[in-house]
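# Commentary on secondary and tertiary structure
Listed below, chain by chain, are the residues.
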Amino acid sequence: MTSAPDAANTADASDAANTATITHETHTLSAQGLSLGYGDHPVITGIDLDVLPGKVTGIIGANACGKSTLLKSMSRLLKPSTGSVLLDGRSVHSMPAKQLAQTLGLLPQSPIAPEGITVADLVGRGRHPHQGIMSRWSGVDDEAVAFALDTTGTAALADRSVDELSGGQRQRVWIAMALAQQTDILLLDEPTTYLDVAHQVEVLDLLTDLNKNSGITIAMVLHDLNLAARYCDQIVMIADGGVEAMGVPSEIFTEERVEKVFGLKSQIIPDPVSGTPLVLPIGRHRVLSA
């Protein structure tokens, strides 16, 4: 039987985790001729895209354009009607679930934790893909959980109930669970949803640190265009069921494209902090300074 970590074991492993550095392998993840839908309603049609190994990819687009549907298919939650999702050249839908989960992890939008579960127990669930039916919880599992808690700044919350946490704390705990899974590719569906601006930046800074320090490949759906431009190496812009544009932020964000895809007139200037594109919406009303 598999047992969850207790707080003492997690604390004992923290010293080793504090100095540990997990280096992730790079893998290729791509969609080829991918079409998806629900019943007779097509959502994605004939998409081709490559997630850049060892980089951060942002998936953006208007509401209901198929961003989350695309991410679900790339993690094998949805089976395509045509085309395929390939991990290192192999269809993810033909791979054993546990083998896939050891390489690719998904953090869905608004995940729900079991009532009353503690932070340490929830993060410990990320170890399930690495355990067999008869395997026991080991020191390796303790170290993985402690590393995930330490990296996300949630070690002090280990004994707390997830129900008691703020939105920003809860999101970091979910990321910690994904880290404990120790996958080389992490897919996240709107990781900044429902967070205030400070916590949005905190979460994206954390994900960037994970990418830069350990080489984990990240692909995430984002709503905020300016945060996507600042934090992502590659942008995939979805519109009308397909890829409207894909490339580096400086090439993807144009005033014409933003208006076409989002129906938004804007002015785009260099971000004074990062130098990346900054999208300034142009509404019908303006308040002019005196």
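Below: a short report on this structure.

Thresholds, definitions, all that
- Residues numbered from 1 in each chain as written.
- Predicted model: local features only at pLDDT ≥ 70, side-chain atom pairs only at ≥ 80, totals over all residues.
- Heavy atoms only, no water.
- Helix = DSSP H or I, 4+ residues; strand = E, 2+ residues; numbered from the N terminus.
- Contact = heavy atoms within 4.5 Å.
- Areas by Shrake-Rupley, 256 points an atom, 1.4 Å probe, with all protein chains shown as cover.
- Axes fitted to C-alpha atoms, helices over the stretch in contact; angles between N-to-C directions.
- Left-handed = near helix turned anticlockwise from the far one by under 90°.
- Expected span 1.5 Å × (residues − 1).
- Pairing = 2+ DSSP bridges.
- Buried < 20%, exposed > 50% of the residue type's maximum accessible area, 1.4 Å probe, protein only.
- Right-handed = clockwise from strand over helix to strand, strands pointing away.
- Parallel < 35°, antiparallel > 145°, perpendicular 65-115°, else oblique.
- Nonpolar A, V, L, I, M, F, W, Y, C, P; charged D, E, K, R; others polar.
- Core = buried A, V, L, I, M, F, W, Y, C linked by side-chain atoms within 4.5 Å.

## Considering the overall build of the chain
Helix and strand counts for the chain come out as 10 helices and 12 strands. Pairs at least 24 apart in sequence give 65% of the contacts found in the chain among residues at least 6 apart. In the structure as shown, the chain presents an accessible area of about 13,900 Å², 52% of it carried by carbon and sulfur atoms.

## Overview of the packing of helix 5 (residues 139-151) against helix 6 (residues 167-180)
Running from N to C, helix 5 and helix 6 cross one another at 145°; their axes reach a closest spacing of 8 Å. For the pair helix 5 and helix 6, the sense of crossing is right-handed. Between helix 5 and helix 6, the contacting residues are Ala144, Ala148 and Thr151 on the first element and Ala176, Leu179 and Ala180 on the second.

## Some thoughts on helix 7 (residues 197-214)
In this model, helix 7 (18 residues) spans 26 Å end to end at C-alpha, consistent with the 26 Å of a helix rising 1.5 Å per residue. Contacts made by the buried residues of helix 7 are with strand 3 (56-61), helix 5, helix 6, strand 7 (185-189), strand 8 (217-221) and helix 8 (225-231). Of the residues trailing helix 7, Gly215 is marked for its positive phi of about 80°.

## Section: the sheet that holds strand 2 (residues 41-51)
Within a sheet, adjacent strands bond to each other through the backbone by hydrogen bonds, running parallel or antiparallel. Taken together, four strands build an open sheet; the order of strands is 2-1-4-5 and the sheet is antiparallel. The open sheet has two edge strands with one neighbour each: strand 2 and strand 5 (90-91). Pairing geometry for strand 1 (residues 29-38) and strand 2, over seven bridges, is antiparallel. The residue of strand 2 that forms the bridge with Gly37 is Pro42.

## As for helix 5
For helix 5, with 13 residues, the first-to-last C-alpha span of 18 Å sits near the 18 Å given by 1.5 Å per residue. Immediately beyond the C-terminal end of helix 5, within one or two residues, lies Gly153, with a positive phi of roughly 70°.

## Let's talk about the pairing of strand 7
Among the five residues of strand 7, five are classified as buried, and the element is accordingly described as predominantly covered. Side chains Ile185, Leu187 and Asp189 project from strand 7 onto one buried face, and the interleaved Leu186 and Leu188 project onto a second face that is buried too. In this structure, strand 6 (residues 104-107) lies alongside strand 7, joined through four bridges in parallel fashion. In the sheet register, Leu104 faces strand 7, and the bridge partner there is Ile185. Note that strand 7 and strand 8 share five bridges and pair parallel. Along strand 8, the bridge assignment pairs Leu186 with Ile218. The parallel pair strand 7 and strand 8 is bridged by helix 7, and the resulting crossover is right-handed.

## Re the pairing of strand 4 (residues 82-87)
Along any regular strand, the residues point their side chains to alternate faces of the sheet. Pairing of strand 1 with strand 4, which is carried by five bridges, proceeds in the antiparallel orientation. Among the inter-strand pairings, Ala31 is bridged to a residue of strand 4, identified as Val85.

## Points about the packing of helix 6 against helix 7
Where helix 6 contacts helix 7, the two axes come as close as 10 Å, and the packing angle between them is 20°. What the angle tells us is that helix 6 and helix 7 run roughly parallel. In this structure, the crossing between helix 6 and helix 7 has a hand that is right-handed. Across from Gly168, Gln171, Arg172, Ile175 and Leu179 in helix 6, the residues of helix 7 making contact are His199, Glu202, Val203, Leu206, Leu207 and Leu210. Considering only residue class, the contact of helix 6 with helix 7 consists of six nonpolar, three polar and two charged.

## What about the sheet that holds strand 8?
Strand order in this open sheet of six strands is 6-7-8-3-9-10, and the pairing throughout is mixed. At either end of the open sheet lies a strand with only one pairing partner, and these are strand 6 and strand 10 (242-247). Looking at each pair of strands side by side, their axes are set apart by 15° on average, direction ignored. Strand contacts of helix 7: strand 3, strand 7 and strand 8, with the helix running at about 155° to strand 8, the strand carrying the most contacts. The sheet contacts of helix 10 (residues 255-262) involve strand 3, strand 9 (234-239) and strand 10, and relative to strand 9 the element is tilted by about 40°.

## A word on the nonpolar core
Val123, Ile175, Leu207 and Met220 are the most contacted members of the largest nonpolar core, which totals 52 residues. Counting residues per element, this core draws most heavily on helix 6, which supplies eight residues. Excluding residues within four positions of it along the chain, Val123 makes contact with Val145, Ala148, Leu149, Val173, Ala176, Met177 and Ala180. By size, the runner-up hydrophobic cluster in this structure holds 26 residues, among which are Cys65, Leu87, Met95 and Ile185.

In short, the description is geometric, and any link to function would need to be established separately.
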